[in-house]
Structures are given as structure tokens and as C-alpha cells.
Amino acid sequence: MADTVSISPDMSDSVSVLLVDADVEFAAEAAGYVERRYDRITVETATTAAKGVTQLEQGTFDCVVADCVTGTNDAFDFLEAVRDRDPDRPFIVVAEQDPETVAAESISRGATDYLQKRSGTGQFDLLANRVLNAVERYRAKRAERRLGELTEHTDKILSIFDADWTELQFVNSAYADIWGRSLERLHDDPTDFVNGVHPDDRERVEEAMAALSSGDPVDLECRVNEDEAYGRWVRIWGEPIVEGNEVVRVAGLATEITDQKRQERELRDAKLQLEAAIDAGTVGTWEWDVREDRFVAGPAFAETFGVDPAAAQEGVSLERFVSSIHANDRDRVESAIQAAIDACDSYEQEYRVHNAAGELRWVLARGHVECDEDGTAIRFPGALMDITEKKRAEHELQRHEAFLEESTDIVTVVDAAGTIEYHSPSVDEILGYDSTDVTGTNAFELAHPDDSGELVEAFGDLLGVSGASERAEARFRTADGEWRWLEVHGTNQLANPAVDGIVVNSRDITERKRQERERKALIEFLQWLYDLTTDVDRSLEGKISRLLELGCERLDLPYGFLSRIERREADEPGGTQTIVQAHGTHDRLQPGESGPLSRTYCRETIDSDDLLATADAAADDRYTEEAYEQFELGCYVGGQVRVEDELYGTLCFAADEPREEEFSTGDRMIVRLMNRWVSYELERHRTTAELERANERLERTNERLESFASVVSHDLRNPLNVASGHLELARTNQDSDHLEEADAALDRIETLVDDLLTLARQGDSAVEPEPVSLPDLVDDCWRSVETGNAALHVETDRTISADRTRLQQLLENLVRNAVEHGSTSPRSQTPEDAVEHGSTSHAEPDSSADAIDHGGEGVTVTIADVDGGFAVEDDGPGIPPEERDRVFEPGYTTEPDGTGLGLRIVEDVVDDHDWSIDVVDGNDGGARFDVTGVDVLESANDEGDHGKKPADDGGDHLTESADDGDGACSVGRRPSGTDESD
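Below you will find a few notes about this structure. (Residues numbered from 1 in each chain as written. Predicted model: local features only at pLDDT ≥ 70, side-chain atom pairs only at ≥ 80, totals over all residues. Heavy atoms only, no water.)

The next point concerns the pattern of salt bridges. In the structure shown here, the tally under the stated rule is 60 salt bridges. A salt bridge links Arg109 to Glu80; its shortest N-O distance comes to 3.7 Å. Residue Arg109 is located in the loop between α4 (99-108) and β7 (113-116), and its partner Glu80 is located in helix α3 (residues 75-85); the two are separated by 29 residues in the primary sequence. The exposure class assigned to Arg109 is partly exposed, which follows from its relative accessible area of 36%. Classification of Glu80 as partly exposed rests on a relative accessible area of 42%. (Salt bridge = Lys/Arg side-chain N within 4 Å of Asp/Glu carboxyl O. Helix = DSSP H or I, 4+ residues; strand = E, 2+ residues; numbered from the N terminus. Buried < 20%, exposed > 50% of the residue type's maximum accessible area, 1.4 Å probe, protein only.)

If you want it as C-alpha cells, here you go:
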């Protein structure tokens, strides 16, 4: 179960700053001034880049301010180290010299801002303002990223721009898929989306942008996606966000309507075919001499029947033409011809005929029979028309009449006064009227009083122009007295004798209007959520309080609450619900109220993968009678709040009475967004609290180490000094082997104290790099260590960047490790006046004897170059490979009088410098310690084979050795080619 996340004032309104500057006086003055003048800002300081990196790893900082030169490490290297950890954290560079050059370099390297140092406190006010502005932008960008995560799983495009379209504040990833253009390009140029609009639609889009900037909402459709030949249609709703009397942002919601447009196009094409049905032109005429059965026709006529045009002009029998008529129509046509002859009457028939190309065509034949005085048919002239297209149109008309009968759209015909002359059957389904009930009624009487004015105005515009079309949206009264939204399209067909009226096509858009309201509410809610997320002046508790208040307003519910759920183990029933924050007056839904989980509505919510919503809780079997009796809630909607993927509790909204309608999709979406938002904020709050607790634990550990060092330094050294004094007095009175053993034991304790102090105070003396000459420091170390009869070879002339005192500790311990355990001479033979190494104001003396057995009598110690550092090598027997992983472990030793801490001190020095150390075989069979990752500042010869002894180049090498007589160290030059052991 997740730890309890308590709600306390959010620290997001405070700003923590890390100031890295080698000028300690400037840093102290700046930090003190800014913290006094600006309550929101806290400042921690560091004198080097390395310290700055350490503090960044241990703490949480909103902004980093660094001097152009931080100690000996360039600020730009520090900037790169910060960027590796957080690419977006504000980083401000300050410098005294060459402002233009430093500013340009700073910005190109990724710094957020640059500020030149000046005299006076005004520079600190300017720095504080720069910090606050940078942090506010950083937090806003982070908030935008969170908002993007909340809206990522929708196929609709959600966007927020500033009022003049110069800044894109938010857009989700659906844009790239629908628009076919990258999000990066839109961020670089917020108006780039216009380039993805069809050229014929861009002017309308730009007019809509201007309207939004002026404070007017827009609703338009356009074609987008150049990669798909602008084959995608979108509908865009835009709303201006107004603060005071000024438009500060514009929010948009776009949804793809490509399929809808395709369906509309298919329907429009079908209607065009219906309206395009016209009579075909005359194909030709015929003349039939009935008595001689001689049928004469023109070429077009003949070809229609598949007859030779030349023969038809000369005349052929009627049967020759009749034989080309479709078999299913032929008997009917012959009967009609005979009836016309018998009655000396007119003739008209439609039938199908096969033409010369084998095609089947529809024709209309009209003629009349002329008879003599006796009533005998003598002549039968006529004309033939191709009506194939008309037949096709009639077929489509029949199809669309059937479609009209089944269509959900209402087709209405009204006269010039608005009186209904015809209603399609769908009026019954949509408005509940029988089509005959409203015939003869004025259509405007059915419209809502608030909408009738717009309808009358649009109707007046229609009457003035034949063929004109107008569109409007209005509410119409149903037979049950309710109101439904209709989108009406009217076309003036008064000049069309077949219609003689205004044709109105009406579509029920009640659901669409509801969705539009929800979309608008969602846009407003997202804008509000964005503002709440970026409100640095409001605590987490205040933000959640405002969220509950706005949630209740949006859902029209009186109660909203955030609960904490404490569940028992899986094999134990029950649990507890505690109200953390609440909005509303319900006496049992107030902060601090707690009760059994089994008697709450949240019991079911935490077991549901999605939101749990009910419009009538009393009738919902999912809720227990105990829950209803406890809270008496009539409706409820809520979901889980999870922190780090573990259940925290629930965020819920409720009312005493049931709702008439179920919670809508928009309602549920808003509750989901609120639940995710609370989860994100609580998780962020927990992370911040854990970091603060970790810092407190680290501070307590440092305090204990300091206390330990104090005890070792004072409480143990005083008794040791007393014991040593008494031992010296005892020696003046008598000489005894027991006294020598006691002296050795005291030396052993002194060595152990020194090493423990060095380890305990490693963290107190921070690394302060400076240029250090390796040959000079090696010389000092050699003189500070009891070297006996060992020899020293110095084969480096490098100057490196290091903390001199800490580097001296490293070298003395490595040299001592080789010398003391590589010599067979007892310690009593070493010089009594050997220099005590490492005694500075920053560190305790180092005299540890790490018991790694490598080297022998007359051991030679070599200090040489390796790539990226240096090596300390001896020519003893070396360290077995299986032991090399253990040599740096504290306490590991093979000597009876060793402390096992010397090489641990070496490793700590290496770690504090960010170096690396490896144990390898020496060139002469001994052990070699390679220290790499070192910042080499200067070397007389950088091209040698680093890590190996120099080749014989005729030069000399610095050599030191211990005199066999009194142990005095001599320093001189060894000619090249001479054996190193000499």
C-alpha cells in the first residue's frame, strides 16, 4: 500500500536557486540580498562546479546561476553537466568581462539567460527578476507537458494560441496525424497550420483567425493535409479566451468529418441526377405507307434500330424495325400499333430497342394514323425520341423517393408565406407529428420564439433571388411540447413549375448541439485546468479546493470530495475511507471525516477500472444499503486516484437527489481529467517530500560524522598523548623490551586514529582544484614518507588540476604502500625525523600502512604518465588478480600492524575528484595503480607512450633514493639507459 500523501502548502510558489561562484564574497552578498528582498526565493551557494554538481544531485533546485569562471572549471562545462541531467532547467550565466562575447557563447551553449555583473545591489534585483521569469516559463512548459499527457488519447485536435497567433501554448499529437504536418514545425511557426489547408479554403481560415483575435467565436469546415491531396475534411470550433475586455488566448477544437463529407457528396450527386432528368432530343421521324408496308426513316432513326440507313431511306417493311425492339416490349408495341390503325387514332409508346452498337436504349415513339374516307389506314407518320437518360433519372427518382420515405431528414415544401404544403414522413419520427397534421400550418409557428427572428430573416433573403439557398439552425417544438434543434437548408424553387415553393431540408442536430456544448465546456475546462496547473501562487491544497469547486459547477452537483483509502491486507476484509478535502455542506463529507470502507460509495469505485457513475444511486444494485443509509446520495460519479501506480483514494462528485439523465460522455471525460490531474500533483508532491527527507537524513549523517571526528580528534588523542608522555618517562628510568612493545602499540593506535580522521573528514574538505606540478608534489611526498632503502623514479613533468592536499594524501598512501611492504628492513631502521605527511589545515596526517604485499628490499617506485592521468608503480611481486577487487575495501590488510585504510583513502580521493583508479601489472612485474580521468593542464611532452617507461632518448630522469647508511633521501638525475633499480 502506498504511503500516505498528506496535503500541505505546495512549495511550487517558492523558487530555490543554486548560485555557483568562486567569488565567495559576491555569492554571499547576492544570496543574502535576494533572500531578504524576495520571500519566494531561497539561495544555496557553491564555490566550484564540482560542488555545484554534488548539490544538484542531493537537492532540488528550480534555477542554476553560475559565474562564467567557477573556480578553475569553466561554467560551460558545468552547464553541459546540468543539461545532461535536465535539458530544460533554467541556467543563467553571470560574468564581469566581455559581455557580448560571453552572452552569445552562453546562449549558443544552451543557457537560459545571461547577466553582466555590476556594482551595487541593483544587479541583484535584476538577477532575481531574471530568475523568477525563467522559472515561471519553465514551470509553464512543464505544466503544458502534463496537460499534453492528459489529452493524448483523443482523436480530436485541442489547441491554445495567444491572441495574435505568435505563440503556440498547447496542441496535442492528433494534429500531426490529421493535418499531416509536424508538431515541431507548428511550434516554430504557430501559423504553419494554415499552410496545411487547401489553397481555396485558406482565406476563410485566415478570416476566422482574425475573428477569434477580435473576440468572436467561429465554426467552419475546411480541407487539410497536403500529403493526402487535401483529402481530409475537418470542422473547427474556435473560442476566444477573454480576460477583462481583452482577448488573451484562443482555444480550438477540431474534429475530422471526412466520412461525413463523403456521405453528403454522394447524396448531393444523387439529387443532381434526379434534378438533371430532362427529355431527350428527337432522334428522327418516320413515314409508313400502311397499304404498301413501306417504312421510310432517317439515318439517326435507322441506327437506333440497327437498320442500314441507306435501306431505311429507300424504305423497308415495318417488321424490319419491330424486330429490333426488346422481346419483352415487342408484343405490347405491336398491339398498340394495331390499335392505332384500327381506330385511326394517335399512337404513343415507350419501349427498349437494340441499336447498331448492340446497346439497349429507351425510346419514346409518337405518331398518328391517317385514314381514307372509308376509314382504311393509308399513312402513319411519327417521331422518335431517345429517353434513355430520362428513364435513368426516373429510376433514380424512384430510388430517392424510397430513400425519402426512409430518410431521417425532414423534407418540407412551403409557399412564399411560409405555409407548409408538404412534409416527408420523417417529421413523425423527429418531431412526433403526422405529416397531415402540420400541412397548412405556418412553419414559423413551430419555431422557438428566440430563433424565429433569424429564420424569418433568412426566409426573406431566399424570396428575393430565384435558386438562392440559405442555412440556419433553430429549435422546433415537438408534438410532446419539447424542443429539438434542426439544421434547415432552404432553396428557392418558386420559379420551378414542378415545385412552385421553397424546398427545405431539415436535419435533427439536437445531439450535435449537445456535443458542441460539451466541446465548448471541455475547451473552457482545459483552459481553466491549464491556468490552475501554472498558478504558482496557489498551494496544492488550494488547487485541489478550487478543482473541487469548479468540478461541482461544471457537473451541476453540490458535493465534491477527495478521499484517502486505507485498505487492509488482501486476506483481511474491510478498510477505511477518510475525507481529505471537500466542497459542499454535506456533514459526512467534510475533511477529517472517516468511516468503514464497506459503508461508502467508494468501495465499488476502487474496484472499478474506469469511472463509476450512476444517475440514481438508490436504484443501483452496485451500492449497498449501508452506503445509502450513511450518506443518502441520490447520484454519484467518481474514480480512483493513483500515486506511483498505487491506490491513494478517490475523487468523487455527488448530489442528494437522482439526476434525470445519465452522466454524459463530456461529464465523464472531465472527471477523468480531474482524477489524472490530482494523481499527477500528489505524485509530484510526494517526490518533493521524499527528496526533502533524503536531504535531512544526509544532513544528520554528516552531523554524526562530524561528531565522530571530534571524538577521535580530541577525546582519543588526549589519552594517547598522556600515555606517550609516561612511556618516555619510563624509558629514562629503565630499558625494557616491554617498553618497546608498548611504544609500537601506541604508534599503531596513532596510525589508526589518523586514518579514521582522514576518512571521517573526507566530506568536510571539498575538492578545490588548482594547478599542481606532479614532480614537485611527488618530491614533497617522498620526503614525508618513511622510505627506508627504496628508490624513486619520476618520469612525468605534468601539471594537473587537483586539490593539492587531497592529491598529496593519495600519493603518500600509494608510495607508503609500496615502500613499507616492499622492504625487508624493520621500521626501527627508518629515519627518526621522517616528515609526517599530509599535515595541513584541511586534513589529518596520513600515516596508514595498507597491507598489500608487493615489492621487496630495495623496491623502486616509479611515477609515470598514462593517457589521461598518471601511474604509481613498483617492481615488487605485484598483486594477484583475485585480490585486486578487495584491496580498496576498508579494513582489508595482510600485515599485523596495518590499518587496512590507506587504499580506501586513496579511493575516496579519486572519487572526490571524479577520477578512476585501476590496479594492473607493472612493467617490471610489480603492481601499478593507474589514475585516469585527470585534467592535464601542462606537459612538456604530450606525445609519449603514456603508461610505459620512456625510451632511451639521451635525456636524464629525476631519481631519488634512500641512503643505505642513515636513510637520508638524495635527489639527482639518472642518466638514460641506466637500470632503474640502480
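Here the narrative resumes.
With that out of the way, let us pick up the state of the cysteines. Between two cysteines, a covalent bond joining their sulfur atoms is known as a disulfide. This structure, assessed with the given rule, holds 1 disulfide. Each disulfide pairs two cysteine sulfurs, and for Cys344 the partner residue is Cys371, the sulfurs being separated by 1.6 Å. Residues Cys344 and Cys371 are joined by a disulfide whose S-S torsion is about -100°; by sign, that bridge is left-handed. Of this pair, Cys344 sits in the loop between α13 (327-343) and β15 (346-354) while Cys371 sits in strand β17 (residues 370-371), placing them 27 residues apart in sequence. The partly exposed category is assigned to Cys371, whose relative accessible area is 25%. Free cysteine: Cys652, not disulfide-bonded; nearest cysteine sulfur from Cys602 at 3.9 Å. (Disulfide = S-S within 2.5 Å.)

Phi is positive for Cys344, close to 50°, though the residue is something other than glycine. Residue Cys344 is classed as partly exposed on the basis of its relative accessible area, which comes to 29%. Located in the positive-phi region is Asp500, a residue other than glycine, with phi close to 55°.

On to the nonpolar core, then. Leu547, Leu651 and Phe653 are the most contacted members of the largest nonpolar core, which has 40 residues in total. Mapped onto this core, the elements with two or more residues apiece are β8 (157-162), β12 (246-256), α18 (510-533), α19 (540-555), β28 (635-643), β29 (646-655) and α22 (665-733). Every residue in contact with Phe653, bar those within four places of it in the chain, is listed here: Leu548, Gly551, Cys552, Leu555, Leu557, Tyr559, Gly560, Cys635, Tyr636, Val637 and Met674. Listed in part, the 38 residues of the second largest apolar core include Val815, Leu903, Val909 and Val910. (Core = buried A, V, L, I, M, F, W, Y, C linked by side-chain atoms within 4.5 Å. Contact = heavy atoms within 4.5 Å.)

With that settled, consider helix α8 (residues 202-213). Between the first and last C-alpha of α8 there are 17 Å, a value that for 12 residues agrees with the 16 Å anticipated at 1.5 Å per step. Within α8 the residues assigned to the buried category are Val205, Ala208, Met209 and Leu212. The arc enclosing the buried residues of α8, seen along the axis, measures out at 105°, which places them on a common side. On its buried side, α8 packs onto β10 (218-224), β11 (232-243) and β12. Looking one or two residues beyond α8, the residue adopting positive phi is Gly215, at roughly 105°. (Expected span 1.5 Å × (residues − 1). Arc of directions from axis to C-beta.)

Let us now look at the packing of helix α2 (residues 49-58) against α3. Between α2 and α3, the shortest axis-to-axis distance is 10 Å and the interhelical angle comes to 15°. In terms of axis orientation, α2 runs roughly parallel to α3. Crossing handedness for the pair α2 and α3: right-handed. Residue-level contacts link Ala49, Gly52, Val53, Leu56 and Glu57 of α2 to Phe78, Ala81, Val82 and Arg85 of α3. Taken together, the residues that form the contact of α2 with α3 break down as 6 nonpolar, 1 polar and 2 charged. (Axes fitted to C-alpha atoms, helices over the stretch in contact; angles between N-to-C directions. Parallel < 35°, antiparallel > 145°, perpendicular 65-115°, else oblique. Left-handed = near helix turned anticlockwise from the far one by under 90°. Nonpolar A, V, L, I, M, F, W, Y, C, P; charged D, E, K, R; others polar.)

A few words now on the sheet that holds β12. Strand order across the open sheet formed by 5 strands is β9-β8-β12-β11-β10, with antiparallel pairing between neighbours. Each of the sheet's edge strands pairs with one partner strand only, and the pair in question is β9 (168-171) and β10. Strand-to-strand twist of the sheet, defined as the mean angle between neighbouring strand axes without regard to direction, takes the value 20°. The pairing of β8 with β9 spans 3 bridges and is classified as antiparallel. Bridging from a neighbouring strand, Ser159 pairs with Val171 of β9. Lying on the sheet, α8 is in contact with β10, β11 and β12; it crosses β10 at an angle near 150°. (Pairing = 2+ DSSP bridges.)

Turning our attention to the packing of aromatic side chains. Under the defined criterion, the tally for this structure stands at 24 aromatic pairs. For the ring pair Trp288 and Phe380, a centre distance of 5.9 Å and an interplane angle of 40° mean the geometry is tilted. You can see Trp288 sitting in strand β13 (residues 282-289) and its partner Phe380 sitting in strand β18 (residues 377-386), a full 92 residues away along the chain. The exposure class assigned to Phe380 is buried, which follows from its relative accessible area of 3%. Taken together, a centroid distance of 5.5 Å and an interplanar angle of 75° make the contact between Phe305 and Phe321 edge-to-face. Residue Phe305 is located in the loop between α10 (299-304) and α11 (309-314), and its partner Phe321 is located in helix α12 (residues 318-322); the two are separated by 16 residues in the primary sequence. Across this residue pair, the class does not change: Phe305 and Phe321 are buried. An aromatic cluster of at least three residues, connected via ring pairs, comprises Trp286, Trp288, Phe295, Phe301, Phe305, Phe321, Tyr347 and Phe380. The residue whose ring lies beneath Lys117 is Phe26, and the NZ or CZ to ring-centre distance is 4.1 Å. (Phe/Tyr/Trp six-rings, centres within 6.5 Å; stacked < 30°, edge-to-face > 60°. Lys NZ or Arg CZ within 6 Å of the ring centre and 35° of its normal.)

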